[in-house]
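Descriptive structure summary
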Amino acid sequence: MDLILYSCKARLNSYFRHKKMQRVLLLALGIVLSAFYAWLFTYLLQQSREGGLNMDVSQMLGYTNLLLLSFTILRGFFPAYIPKADFINRIYPIKPLKRFWTELVVELVSPFYFVLLNFLLLLCMMSPDYTVLHLAQSFLVFLTAHITRRSLQVFIERRINWRGSAFWGAVIMVGAFIALEVRAPMFEPVSSVMMLVVHLASLASFILANFLLEQAAYEPKRRTVNYSNDARRSLGWRLFKNHKMAKQLLLFGLGFKVLMLGIDATVYTAKGIHMLDKNATLWLFVGPLVIYTYVFNNVWGFYKNLWLTTERATGSYKEFLRASLLPLRMPILIDAAIVVLYVAFFNHGQATFILLMYAAAVLVLTPIGIIASFTSPKMVKGGILSFSAKTSYLYSFISILLLGLLFLPLLHPMLYMVYPVVIALTVFAMVAVLQEYKQYKYKLFETLYKTE
């Protein structure tokens, strides 16, 4: 218990060690938003009870739990991948079970879960349809989502001993979890304490599976670089292939995008409707957002040697622009190919909008990425398995906001007039930042090459 309390205290102190005022204000904003959404869901539940919506209270509670489940899982992978943190190094003489419980509890000590818990408590107090039983069920739902995310991170980041007894024990426990969930899905609202006990048993088997999976994960995946001596290969290809960390993050982000578009394509093939039409936020995955929020909002953090070479060679604006676009070329081509294939086979009706939106998104997000790389650089350290942020959270949200403006033509075709305005503003901002490069370069050098 002392180890857990000490680790939780250290985790809380780490959040507010740097930029304390900014992070306190963000936490306060999160609390305000949680109160607003609690009021909104209270209103929706009331409308469901009175027949104002096309669903009853039970369905509304089920959709709320599904939203909670999906958002908690997606948070670890979008807009940027958050690696699993190893708070206690494996070389320390601590029993595996004690290390597991310590890390599990410490991971829950975060502003996100605090705001989420605040939302659930306020919803329970404000809505008579959301009882204490439903609150306990929602707590189990987001714990299940958290364990799911941890398990996915283990598969991504570590080598697994597929033949070991720990792995097969995890498979058996996951099988028990799936069997219970098929009979009684956890997201469906419960009506008795007994069903809550069943869900608790299901979660217990899933937690045991996650523990056994971590025991089967014996070492991090090795990072190697394969250099090419083929002179016919472009520099853009080499920058993509030889930077192992950037390539892994980009491929993971592109794979996540393929998964989301694949789900939409599957639904369209089966039912003839698009998930994109039912949930507007899914349109974010059609644009090239992932490659910017994963890597190119911090291009100099990943390619710092390229920046230093350009700075020492010329230091001119044109060379910085050219150097910024070189690593971006190959990921954009891959991402655009995915979108073109999706449009060609599954979304002919929105082809004009998707292609225009994609082209405009590239013209908007590229200047934002260059601005972010100069004004808010991050030192990329510790490899892909580190817990440090790889890009600026602020500019990730700015990118999402600006890309959201490009979806306005879905409301009315006249709103295509927004495109030149947004593009012009971002290009103007990029030019203004480049003119002040002499001030930013010292911060860049200090951030990218400082010694700890």
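Residues numbered from 1 in each chain as written. Predicted model: local features only at pLDDT ≥ 70, side-chain atom pairs only at ≥ 80, totals over all residues. Heavy atoms only, no water.

As for the packing of aromatic side chains
One pass over the structure, following the stated rule, counts 19 aromatic pairs. Considering the side-chain rings of Phe-345 and Phe-346, the 6.4 Å spacing of their centres and the 50 degrees angle between planes classify their relative orientation as tilted. For Phe-345, a relative accessible area of 56% translates into the label exposed. Assessed through its relative accessible area of 27%, Phe-346 is described here as partly exposed. (Phe/Tyr/Trp six-rings, centres within 6.5 Å; stacked < 30°, edge-to-face > 60°. Buried < 20%, exposed > 50% of the residue type's maximum accessible area, 1.4 Å probe, protein only.)

With respect to the environment of Glu-103
Counting through the fold element by element, Glu-103 comes out in helix 4 (residues 96-108). Separated by 95 residues in the primary sequence, Glu-103 and Cys-8 have C-alpha atoms spaced 9.3 Å apart. (Helix = DSSP H or I, 4+ residues; strand = E, 2+ residues; numbered from the N terminus.)

Let's talk about the packing of helix 16 (residues 351-375) against helix 19 (residues 437-449)
With their axes 8 Å apart at the nearest point, helix 16 and helix 19 run at an angle of 60 degrees to one another. Relative to helix 19, the element helix 16 lies oblique. Along the contact surface, helix 16 presents Ser-373, Phe-374 and Thr-375, while helix 19 presents Tyr-437, Tyr-440, Lys-443 and Leu-444. (Axes fitted to C-alpha atoms, helices over the stretch in contact; angles between N-to-C directions. Parallel < 35°, antiparallel > 145°, perpendicular 65-115°, else oblique. Contact = heavy atoms within 4.5 Å.)

Regarding the side chain of Asn-210
Of note, Asn-210 is situated in helix 8 (residues 193-216). Those residues in contact with Asn-210, other than ones at most four positions away along the chain, are Phe-100, Ile-147, Arg-150 and Ser-151.

Overview of helix 2 (residues 20-50)
Here helix 2 spans 45 Å end to end across 31 residues, near enough to the 45 Å set by a 1.5 Å rise per residue. Taken together, the buried positions of helix 2 are occupied by Gly-30, Ser-34, Ala-38, Phe-41, Thr-42, Leu-45, Gln-47 and Ser-48. Buried-residue contacts for helix 2 involve helix 3 (57-74) and helix 5 (111-126). Remark: Gly-51 follows helix 2 within two positions and exhibits a positive phi of approximately 85 degrees. (Expected span 1.5 Å × (residues − 1).)

What about the confidence of the model for the chain?
Across the chain, pLDDT averages 81, with 90% of residues at or above 70. Averaged pLDDT values for the elements of the chain fall to 66 in helix 11 (residues 275-278) and rise to 89 in helix 18 (residues 418-435). (pLDDT = per-residue confidence, 0-100.)

What to know about the pattern of salt bridges
With the rule as written, the count across this model stands at four salt bridges. Here Glu-214 makes a salt bridge to Arg-150, at a shortest N to O gap of 3.0 Å. Placement of the pair is Glu-214 in helix 8 and Arg-150 in helix 6 (residues 132-157), with a sequence separation of 64 residues. On the basis of relative accessibility, which here comes to 7%, the residue Glu-214 falls in the buried class. Here the salt bridges share partners, and the residues they tie into one network are Glu-107, Arg-150 and Glu-214. (Salt bridge = Lys/Arg side-chain N within 4 Å of Asp/Glu carboxyl O.)

With respect to a nonpolar patch on the surface
Taken together, the side chains of Leu-26, Leu-29, Leu-33, Phe-36, Tyr-37, Trp-39, Tyr-43, Leu-117, Leu-121, Met-125, Met-126 and Phe-139 define a hydrophobic patch exposed on the protein surface, amounting to about 1,200 Å² of accessible area. If you tally residues by element for the nonpolar patch, the top one is helix 2, at seven residues. By secondary structure assignment, the location of Trp-39 is in helix 2. (Patch = residues over 30% accessible without salt bridge, like charges linked within 9 Å, V, L, I, M, F, W, Y side chains within 5 Å. Areas by Shrake-Rupley, 256 points an atom, 1.4 Å probe, with all protein chains shown as cover.)

Quick word on the packing of helix 16 against helix 18
Where helix 16 meets helix 18, the closest approach of the two axes is 9 Å, and the angle between their N-to-C directions is 20 degrees. Between helix 16 and helix 18, the interaxial angle falls into the category roughly parallel. Pair helix 16 / helix 18 crosses with left-handed handedness. Within the contact between the two elements, helix 16 uses Phe-353, Leu-356, Met-357, Ala-360, Leu-363, Val-364, Pro-367, Ile-368, Ile-370, Ile-371, Phe-374 and Thr-375 and helix 18 uses Tyr-419, Val-422, Ile-423, Thr-426, Val-427, Ala-429, Met-430, Val-433 and Leu-434. (Left-handed = near helix turned anticlockwise from the far one by under 90°.)

Re the environment of Lys-378
On the secondary structure map, Lys-378 appears in the loop between helix 16 and helix 17 (393-405). Counting along the chain gives 70 residues from Lys-378 to Leu-448, while the straight-line C-alpha distance between them is 7.3 Å.

Side note on the nonpolar core
By size, the foremost hydrophobic cluster in this structure holds 72 residues, and its most contacted members are Ile-291, Phe-296, Trp-300, Met-357 and Phe-374. The greatest single-element share of this core, amounting to 14 residues, is contributed by helix 16. Dropping the residues within four chain positions of it, Trp-300 is found in contact with Leu-306, Trp-307, Phe-320, Ala-323, Ser-324, Ser-373, Phe-374, Leu-444 and Leu-448. Within the second largest apolar cluster, 41 residues are counted, among which are Leu-123, Val-141, Leu-143 and Met-186. (Core = buried A, V, L, I, M, F, W, Y, C linked by side-chain atoms within 4.5 Å.)

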